[in-house]
Amino acid sequence: KKIIKIKARKHRPVTPRPRARTGRPPKQGRDEAQVVPTRERVVAAAERLFEERGFQATNLSEIADEAGIRTPSVLHYFDSKERLLDEVIRRTYAEIREKAMLALASGGSGAERISGVVRELRQLWEGHPGVVRIALSEALRPNGVGRNYLASQAAQLFELIEKVLRDSADPPIPASAPVRGALMMIFSSEFFRLALGEIGDLLLGADCARTDEVHTALLNALRSWSPGAGGIE
């Protein structure tokens, strides 16, 4: 009889297959809209739309859509469009103060520091002309939105700017010199120019360097103020 030998197969180790996951799929990385707090997204969306379209032409549903949320969620943080505008203007004034403080701390003569403040604010305002126009419009209304910030923060800032100018002037500026009036002329003209856009450039001139020279001449003239004559010697 023929004997048939059967060769035994070598067993290879079997790698267990990964079990299929059940339940929810793994979380995806969160995008920027999910990382930024909802309240901040609402304020940023409102500022963008107010800047592009104006306050009156923007409604809450558009702000909600821009922020990626529903309108009731906007109302959870701000109960009206006016409250949203109030927050936008408040932040604008806070940024103005921060820029002005940095310029005042930069050193140099009083006139040089004031010129630095003007340049910083000019750059800030040029980046947000729509919001600046809205803030100016509201400031002109007796019960305008954000008017209280202009009354408090702007007054405190002008006091500080005047103090820096007086303390750094050599020779000293006479106590009777109308420093506050000169500062108001400088900053209001810049504010007015930006609010009017091209018309402002036509009225006041588009050459900012020449305008800065006029501002410096006005500030330097304060040192020659004659208390007895009530004017510049």
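Summarised in this report is the structure supplied together with it. (Residues numbered from 1 in each chain as written. Predicted model: local features only at pLDDT ≥ 70, side-chain atom pairs only at ≥ 80, totals over all residues. Heavy atoms only, no water.)

Some remarks on the pattern of salt bridges
Next, step 1: Taken as a whole and judged by the stated rule, the model has 16 salt bridges.
Next, step 2: With its nearest N and O atoms 3.0 Å apart, the salt bridge here joins R180 to E162. Of this pair, R180 sits in helix α9 (residues 179-196) while E162 sits in helix α8 (residues 147-168), and the two are 18 residues apart along the sequence.
Next, step 3: When its relative accessible area of 33% is taken as the criterion, R180 is described as partly exposed.
Next, step 4: Given a relative accessible area of 15%, E162 falls into the buried group.
Next, step 5: When the shortest N-O distance is used, the salt bridge between K163 and D167 registers 2.8 Å. One end of the pair is K163 and the other is D167, both in helix α8 and four residues apart, which spans about a single turn. (Salt bridge = Lys/Arg side-chain N within 4 Å of Asp/Glu carboxyl O. Helix = DSSP H or I, 4+ residues; strand = E, 2+ residues; numbered from the N terminus. Buried < 20%, exposed > 50% of the residue type's maximum accessible area, 1.4 Å probe, protein only.)

Quick notes on a nonpolar patch on the surface
Next, step 1: Taken together, the side chains of F192, L196, I199, L203 and L204 make up a nonpolar region of the molecular surface, amounting to roughly 460 Å² of accessible area.
Next, step 2: Where the nonpolar patch is concerned, the elements lending two or more residues are α9 and α10 (198-204).
Next, step 3: Per element, the largest residue contribution to the nonpolar patch is three residues, and it comes from α10.
Next, step 4: Structurally, I199 is set in helix α10. (Patch = residues over 30% accessible without salt bridge, like charges linked within 9 Å, V, L, I, M, F, W, Y side chains within 5 Å. Areas by Shrake-Rupley, 256 points an atom, 1.4 Å probe, with all protein chains shown as cover.)

By themselves, these observations are geometric and do not establish any function.
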